[in-house]
Amino acid sequence: MDNKITKGRAPVSHQPHNVAKASGEIGGEVEIEINGRKYTVPFGTTILEACRMNNIHIPTLCYHEDLCLAGACRVCVVEVEGMKTLQASCAFPITSKIKIWTTSEKVRKARRHILDLLLSEHYGECYSCVRNNNCELQRLAKEYGVDFYRFGHITQPRYQVDRSSYAIVRDMDKCVLCRRCVRTCIDLQEVGVLEATRRGYSTLISTFMDRPMLDVICINCGQCINRCPTGALRAQDPSDEIWKAIDDPTKHVVIQTAPSIRASIGEEFGLPAGHSMTKQMITALRMMGFDRVFDTNFAADLTIMEEGTELLLRLKRKLLEGDKSVKLPQFTSCSPGWIKYIEHFYPDYLDYLSTCKSPQQMFGAVIKTFYAQEMGIDPANIVTVAVMPCTAKKFECNRPEMNASGYKDIDYGLTTRELAQMMKEAGLFLPELPKSEHFDEPFGDASGAGLIFGATGGVMEAALRTVYEIVTGREVPFNNLTITPCRGMDGVREASIVLTDVKDEWKFLEGVELKFMIAHGTANAKKVMEALIRGELEGYHFVEIMACPGGCIGGGGQPIPTSPEIRKKRAEAIYKEEAELPVRKSHENPSIKYIYEKFLVDGPCGKISHKLLHTHYTKRGKYIV
Amino acid sequence: MPIINDTIFFDEKAHGEALEKALKMSPHEVVLEIRESQLRGRGGAGFPTGTKWMLALSAQADKKFVVCNADEGEPGTFKDRVLLSEYTKLVLEGMVIAGYAIQAQKGFIYLRGEYAYLLEHLLNYLDRMRKENRLGENILGTNYSFDIEIRLGSGAYVCGEETALIESLEGHRGEARNRPPYPVNTGYLGYPTIVNNVETFACAYIVISKGAQWFAKYGTEKSKGMKLISVSGDCKKPGVYEVPFGIKIKELLELVGAEDTKAVQIGGASGLCIPMSEIERNISFEDVPTGGSVIIFNKSRNMLQVLRNFMEFFVEESCGQCTPCRVGNKKLLEGVEMLEKGICTHHYLNELIELGKTMQIASKCGLGQSSPNPFISIVTNFKDEIMSNYLGSGNGQ
Amino acid sequence: MIYPDKNVLVNEVDALVKKYGSGRESLLPILQDVQRKFGFISDFAMQEIAHRLDIHPVEVYGVVTFYSFLSTEPKGKYVIRLCKTISCELAGKEAVAKTLERELNLKFGETSKDRKFTLEYCHCIGMCDQGPAMLINEQVFTKLTPSKVIEIIDSLK
């Protein structure tokens, strides 16, 4: 179950129906009739599921595969014989032989009316909206042949757009009150920033005391943006500034691309999920005018070196030197949504986090120091852009402590969607571009370990490949370096590797069962933290947490829509591409060896590394001022 | 139909010892008696009470709940207030009987916040019942235990809807739930729950006291028993009346001393507006249903103003969850405003009537399903007056 | 009425959670008691209640803004709610409304600067045969006329 329902915070009727309890019957099949034809479906299936199983189309708006039920929009209503009112097909479980009509006159009229009502409240035009051509309301209007506003159309905005947050923009004039953002934030992510407030016509999705997004405990994960059907929620878009920098001849604009981008950007050009576009993307970026095109996977390798070493040092202090103050398990720190989450909700446990920066930020620091030196460019003229599947990175790059290079380490965080938009503006149709073989030097080499960061479990797998080899001198005991316990979409996964026949300097780890845990989605992060507080994580050494369901490939900046199937395909694309790479372990990456030789000369977790590549965190707490 | 001699509520001697009687029957027998009486819910929706209790009794769960819906918010309804303050025994012991019938352990009275002044009286009465062993552990020496807690509402009409009420009890916003599953299977905190109106419990008490056959003597074929009607508006004797179902509107008007009547709103803001041409119709679930509210308008009243009052009510009281009700009611109100200014075309008015019909079938709960009723009935029955209202006369016939 | 001190609120919420329980079902009774005692539910109170019941503060805010009798803004010592539904309107609520506005020097929806009075409309309070009717806090007044209203207001001033 990919994070579908968490712990019953949703009202009872929004949870999957405990139909067996409701009627005493378990299992079995029911024979029903849809539009005059007979079908057989499992007992308890909703009408919507039954129709989808049989290729019968019912339009929906508030329904979403990842989220609990709502039944609020009434777009999916169907006629059930014998019932006076129309029923919401997304929420009606089939428990008896019923006859359903999905396109009767009543149904069509009702759907058209509901659309007219939604459109009458929807301020703004499609052509000035970021979701033009990818908007569910627009799609429904087209499907139902809306060609005039039956109930009028508002011509003045009712609300002010909230642009306070670094990552998320809220434009309530476009809201259709489907409650997807509420269900995402409260039920799926358990962060709790958005909720319906007030009543009746004045109902408004808002934050606590209507505070601006910057002032509440939003972790910027952007999952709400991914699920919003219209342009009411969108990301802060820096593309204008980036174009300005590219057009400015005095600026040296460097772009780094995260692993998840290449597996998903094809979707923005009409390709189905799971087609990797790495080589065409490199071409596109060069053609757009970026001075250098780097691969964040290099920095991911760097993160593995630093974080793996940090883990070993913690293990050494605890097991060899008996230092009781050492915090284990060590939690990964590359997900900025997770960082803000723990800073707000578990501020007393920040010491468990690795002090490593995320790959993006490490790269920024390296570029404005090492790279600037090597190329003889004044770092004041370097503009670093990071393309990420992530909206929280926009907040991360603006954190005050992220200036180890003496300048803002990363100037702009750009999302997959925004990059695709920039490509289209530049007239570049990605799938048809020629392929470039290589990212730019001196950071063109990246191992497969860096690439798998994009999927949940990837950081863990990458770290294990390196750590195990450092300690034992052998490759991880898994076929083709594929550490299967790390893979998959279960919310919380765990496994262990026993360290035997270790090298002499790691004697104290002989026989130690290295236990690790992986969680994705902040609801599961909460489960892990609660387990930590209860003392159940004694004996665990390493925990990977990603704020977004699915890992980075499910990030807030990824192509819309999202679904468990899409995320699975994106992850598969990453693993497939990774398996074919020549270098698959971070410590074997030649660029990594180079940077440690020439620049980070006191080695991982040494003084230079600490200054540039490590960071500290801020206790924020969950009290909203 | 003549004025009745046997009354249910207003004759204290008729109240009997229903609780003692019920506890000697089996729960199943109690439910059967209710079913035989053909008692239907008195809150307005009219769901057969016996069926509801039967479903709850047969539901398997380790906890069950009885909820008394005292969130009497329908404009023009005040009969529950009278029942709770002056016929408390019928209601509270009716709840205990219901609890016994479905084998529930706990009951709630969801008392609307506007009736908070009744709280002390009810709490004292419950204490007295506990002292007399008619509530609490081992009621009247049997091994049946049941207790009642009072919860106050906080000023939301929509919480009178049964699933919105349960949501409110659970600490949520009062937004209606998806049904199925129904409260009898999945109600308060997921347990089987029956939600019944104050008057329904009182009637259930009477049914057990005087028998299903006696109860079914009154009323019509599909609407058995007596009904409490709260009459207000332009009449000489407003107040609460006990009448048999099937009473003609004309007869009721005579009973309450209505003169110069132009229209009668039956069923509150969610009901129908009956013009004088239809006063031969009767009050029953088959013809013109009501939860108890009857509001009388005389010839001096402006029907468009009345309609505006109702539509403003719905716009403010809608919970806002589903599109047809949240936006639809606003559109209907805007339509009324256009009519007031004289800029509503005949064509657009028909569009609004069609919208009303969609709202009646596509809304998520009873509020949105019945809020178009006054709009459609007033606009249809008083068409000329509505369309020429802006001309200033407002008193068209 | 002074703005409640944070410690006072914490102790109050503590006591209420002990009285009603720490499940979400206790939310409305707790909010009603806080509203009754302090005249409003401050944002600190909402967060404190949210933490004790293990729900999000924004959910508490969503509940408070839903119900007409709960408020995040300080209400007056006497909250006057005049019914504006049809039966009371037919019985002459408009005259009573104008009288109230004039005598209290408030428009409907406002609270007086000394936090003594809040004037609001409400919907049908079940006094339709004795209208116009109003609630002052939890007490109901029926068969109102302008002069009767003036008497009532004077007795509170």
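Model, not experiment: these values are computed from the prediction.

1. Observations concerning the interface of chain B and chain C
Part 1 of the reasoning: At the interface, 38 residues of chain B touch 31 residues of chain C.
Part 2 of the reasoning: Element by element, the count of residues in the side of chain B that touches chain C is highest for helix α11 (residues 303-317) of chain B, at 5 residues.
Part 3 of the reasoning: Across the side of chain B that touches chain C, the residue classes break down as 14 nonpolar, 15 polar and 9 charged.

2. A closer look at the domain arrangement of chain C
Part 1 of the reasoning: According to the domain assignment, chain C consists of domain 1 (6-66) and domain 2 (78-156).
Part 2 of the reasoning: Summarising the inter-unit geometry, the C-alpha centres of domain 1 of chain C and domain 2 of chain C are found 29 Å apart.

3. Description of helix α15 (residues 372-381) of chain B
Structurally, the α-helix is built with 3.6 residues per turn, so residues lying three or four positions apart point the same way.
All names here are of chain B.
Part 1 of the reasoning: Judged by how many residues are buried, α15 sits mostly within the fold: 8 of 10 residues are covered.
Part 2 of the reasoning: Within α15 the residues assigned to the buried category are Pro372, Asn373, Pro374, Phe375, Ile376, Ser377, Ile378 and Val379.
Part 3 of the reasoning: In this structure, the buried residues of α15 make contact with β8 (272-275), α11, α12 (323-341), α13 (346-362), α14 (366-370) and α16 (383-387).

4. Description of the domain arrangement of chain B
All names here are of chain B.
Part 1 of the reasoning: Each domain of chain B was delimited in the assignment, giving domain 1 (12-216), domain 2 (226-298) and domain 3 (303-391).
Part 2 of the reasoning: One C-alpha centre belongs to domain 1, the other to domain 2; they are set 26 Å apart.
Part 3 of the reasoning: In this complex, domain 1 contributes 13 residues to the contact, which on the side of domain 2 involves 17 residues.

5. A look at the sheet that holds strand β2 (residues 117-122) of chain C
Think of a sheet as strands paired side by side through backbone hydrogen bonds, with each pair either parallel or antiparallel.
Residue and element names in this part refer to chain C.
Part 1 of the reasoning: Ordered by their spatial adjacency, 4 strands build an open sheet running β2-β1-β3-β4, and the pairing between neighbours is mixed. Bordering the open sheet on either side are β2 and β4 (139-141), each of which pairs with just one other strand. The mean angle between the axes of side-by-side strands here comes to 20°, regardless of whether they run parallel or antiparallel.
Part 2 of the reasoning: Bridge count between strand β3 (residues 134-136) and β4: 3 bridges; the pairing is antiparallel. Each bridged residue has a counterpart across the sheet, and for Leu135 the counterpart in β4 is Val140.
Part 3 of the reasoning: Across the face of the sheet, helix α6 (residues 93-104) comes into contact with β1 (78-83) and β2 while running at roughly 155° to β1.

6. Concerning the nonpolar core
Generally speaking, nonpolar side chains in soluble globular proteins are found buried as a group.
All names here are of chain B.
Part 1 of the reasoning: Judged by nonpolar contacts, the single largest core of 353 residues is most densely connected at Val91 and Ile97.
Part 2 of the reasoning: No other element matches helix α5 (residues 88-102), which puts 10 residues into this core.
Part 3 of the reasoning: If we ignore the near neighbours within four places in the chain, the residues touching Val91 are Cys68, Leu83, Leu84, Val198, Phe201 and Ala202.

7. Re the interface of chain C and chain A
Part 1 of the reasoning: If you look at the interface, chain C gives 11 residues, while chain A gives 14 residues.
Part 2 of the reasoning: Elements that contribute at least two residues to the side of chain C that touches chain A include exactly α3 (43-53) and α4 (57-66) of chain C.
Part 3 of the reasoning: The biggest single contributor to the side of chain C that touches chain A is α4 of chain C, with 7 residues.
Part 4 of the reasoning: Here the residues of the side of chain C that touches chain A sort into 4 nonpolar, 5 polar and 2 charged.

8. Considering the packing of helix α2 (residues 27-37) of chain B against helix α3 (residues 49-58) of chain B
Residues and elements named next belong to chain B.
Part 1 of the reasoning: Contact pair α2 / α3: the axes reach a minimum separation of 7 Å and the direction vectors enclose 155°. Of the possible angle classes, the one that applies to α2 and α3 is roughly antiparallel. Here α2 and α3 pass one another in a crossing that is left-handed. On α3, the residues touching Pro27, His28, Val31, Ile34 and Arg35 of α2 are Thr49, Gly50, Thr51, Trp53, Met54 and Leu57.
Part 2 of the reasoning: Partitioning the contact of α2 with α3 into residue classes produces 6 nonpolar, 4 polar and 1 charged.

9. Here's the deal with the sheet that holds strand β1 (residues 65-70) of chain B
Residue and element names in this part refer to chain B.
Part 1 of the reasoning: Pairing is parallel in the open sheet, where 4 strands are placed in the order β3-β2-β1-β4. Two strands lie at the open edges of the sheet, namely β3 (147-152) and β4 (193-197), each paired on one side alone. Taking each pair of neighbouring strands and ignoring which way they run, the sheet shows an average axis angle of 20°.
Part 2 of the reasoning: Inspection of the sheet shows strand β2 (residues 106-111) paired to β3 by 6 bridges, in the parallel sense. Along β3, the bridge assignment pairs Tyr110 with Arg151.
Part 3 of the reasoning: Each of β2 and β3 is contacted by helix α6 (residues 119-131), which is oriented at about 170° to β3, the strand it contacts most.
Part 4 of the reasoning: The strands touched by helix α7 (residues 162-169) are β1, β2, β3 and β4; relative to β4, the strand with the most contacts, the crossing angle is about 115°.

Conventions adopted
- Residues numbered from 1 in each chain as written.
- Chains lettered and ligands numbered in written order.
- Predicted model: local features only at pLDDT ≥ 70, side-chain atom pairs only at ≥ 80, totals over all residues.
- Contact = placed C-beta atoms within 7 Å.
- Helix = DSSP H or I, 4+ residues; strand = E, 2+ residues; numbered from the N terminus.
- Nonpolar A, V, L, I, M, F, W, Y, C, P; charged D, E, K, R; others polar.
- Domains from an automatic or database assignment.
- Buried ≥ 20, exposed ≤ 12 C-beta atoms within 10 Å, placed from the backbone.
- Pairing = 2+ DSSP bridges.
- Axes fitted to C-alpha atoms, helices over the stretch in contact; angles between N-to-C directions.
- Core = buried A, V, L, I, M, F, W, Y, C linked by C-beta atoms within 7 Å.
- Parallel < 35°, antiparallel > 145°, perpendicular 65-115°, else oblique.
- Left-handed = near helix turned anticlockwise from the far one by under 90°.

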